[in-house]
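# Chains, contacts and geometry: an overview
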Amino acid sequence: MGNKEQSMSIVLENVIVSDANSAKKVNLRIENGLISALDENPLPISPGDTVVAGEGKLALPGFVNAHTHLPMSLFRGLADDIPLDTWLREHIWPAEKRLTAADVYWGSLLSLAEMIKSGTTQVADMYFHTDSVARAVSEAHMRATISYGIVANKLDKHGKDELAMARETIERWHGAANGRIRAALSPHAIYTCGRDVWAAAIDLAHEKNVPLHTHLCETRDEVAWSLTNLGQTPVLALDEIGAFSIPTIAAHCVHVSEEEMAILAQRSVTAVHCPKSNAKLGNGHAPVVSLLRAGVNVALGTDGAASNNGQDMIEEMRMASLLSKGALEDPTALPAREVAMMATHNGAEALGAGARRISTGEDADIVLVDLSGVDTVPAYEPFSTLVYAAHGCDVTDVIVAGEFLLRDRKLFTIDEEQVKYEVNRRFGKAFAN
Ligand SMILES: [Zn+2]
């Protein structure tokens, strides 16, 4: 779809870009997947250029959703307002057991469509049927770090099979789709993988030179389990077995001490803050301001859509900032610019790909957010407007590696109607007319 257009250079005219001190209008040229020019003066236009009028639109590096489970949009609203343990054991795990590879493919496309339409260009995913996840990502032309979620108490036959699946995912997909797909290694969590499984996973991550992606200190129960069964907190136990000798994407980090934060900062661990999922499942609120102050790279993620129930990074930024202000009783906590950095720059750092900022030579992963709507005018300060007032549906255009994935709210790489039809056909029986 849109192949003719994809091969052209793109010029974004009069878009708003904002750095730490000021906002200004600039013109951007995008070619060969990179930002090749940035100028406050008009850029020369060549025949064949695609010119986008950016008046009133904020240009940002794409949002990086640094922790999600793409196919879980299939379980959006399946079971809400119940305790975590019941939610997992009686609803989510039985439903996951019934998923086919085709279900996972359509669920992934559903999530990717929602994400692109709200400005996300890159994700870190953890699930199973990873071939289906990767196929969807490849077709959607998104960037993703994918991984097979290992769940095994021991390195027995089952444990070895799980490791083999993780290895296969890395060998098949790391570097695929022109480098837009990367792989990670995902022991699911400290309480779902035994010590020997963790040790084997760490060895494999070293061998393949890929990051770890795991869940860490999500609940009080997890910390209590670790203290009872391992005699240490999850952070200290994983540090001791060498997990953090590898760059690690650690989702949640809700229940961590000051001492543990210092360890995470020293060991190049990215804490992925998932404020809405943590709040919805009643797990508490991560000490984001303290983590940042300790020097930890903090990114932002939605977690799966079963516990969110959306995947809109603008809403996630707003939740992050407001919940921190509320928890700390401090309106200066997690200001708009800082939370926007978490949602873009810090996530790209953690995943080792995509644009860190809007400047020449950077990957052309750019989203345009319309700040001229009734929900956003007058836009006194672009980042305040973005974080506290805007919505995912204000994203008009999304470019990944120099290609349009969304233009004027229209998806270029995903057939939205077909995806909704397939998902409803498979899962919407109770409600479909
Ligand atoms: Zn998760």
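Conventions used here
In this convention, every chain numbers its residues from 1, walking through the sequence in written order. Side-chain atom pairs in this predicted model are given and counted only at pLDDT of 80 or more, local residue features only at pLDDT of at least 70, and totals for whole chains, interfaces and linings cover all residues. The basis for every side-chain value is the complete set of non-hydrogen atoms in the structure, without hydrogens or water. Annotation comment: domain bounds sourced from an automatic or database domain assignment. Any two residues having at least one pair of non-hydrogen atoms within 4.5 Å are treated as being in contact. Summed over both partners, the accessible area lost on bringing two parts together, with a 1.4 Å probe, is the buried area. Salt bridges are defined by distance alone: a side-chain nitrogen of Lys or Arg within 4 Å of a carboxyl oxygen of Asp or Glu. Throughout this description, a polar contact denotes any pair of N or O atoms lying within 3.5 Å of each other; where both atoms belong to protein, one of them has to be capable of donating a hydrogen while the other can accept it, and for residues adjacent in sequence the pair is counted only when both atoms sit in side chains. The rule for pairing is simple: two strands pair if DSSP sees at least two bridges between them. Per the convention used, a helix needs a DSSP run of H or I reaching at least four residues, while a strand needs a run of E reaching at least two, with both numbered from the N terminus. Think of each axis as a best-fit line through the C-alpha atoms, taken over the contacting stretch in the case of a helix, with angles from 0 to 180 degrees between the N-to-C directions.

Accessible area lost when the parts come together is the quantity often used to give the size of an interface. Split by domain assignment, the protein chain resolves into domain 1 (3–61 + 363–416) and domain 2 (63–351). Relative placement of domain 1 and domain 2: their C-alpha centres are 28 Å apart. With 32 residues of domain 1 at the interface, the matching set in domain 2 holds 30 residues. Buried surface at the junction of domain 1 and domain 2, both sides included, amounts to about 2,400 Å², of which 63% is carbon and sulfur. It is Val387, Tyr388 and Ile414 that lose the most area in domain 1 upon contact with domain 2, and together they represent 25% of the buried surface on that side. Summed over the shared surface of domain 1 and domain 2, the number is 4 salt bridges. Residue Arg337 pairs with Glu381 through a salt bridge whose shortest N-O separation is 2.7 Å. Our count for the contact surface shared by domain 1 and domain 2 stands at 12 residue pairs in polar contact (both at pLDDT 80 or more).

Here we have 4 strands laid out as an open sheet, ordered β12-β13-β14-β15, and parallel in their pairing. The two strands at the open ends of the sheet, each matched to only one other strand, are β12 (212–216) and β15 (297–300). Here the average twist between neighbouring strands, direction ignored, is 30°. One ladder, built from 5 bridges, connects β12 with strand β13 (residues 248–252); its direction is parallel. Across the sheet, residue Thr214 finds its bridge partner in β13, namely Ala250. Of the strands in this sheet, β13, β14 (269–273) and β15 touch helix α13 (residues 336–351), which is tilted by about 115° from β15.

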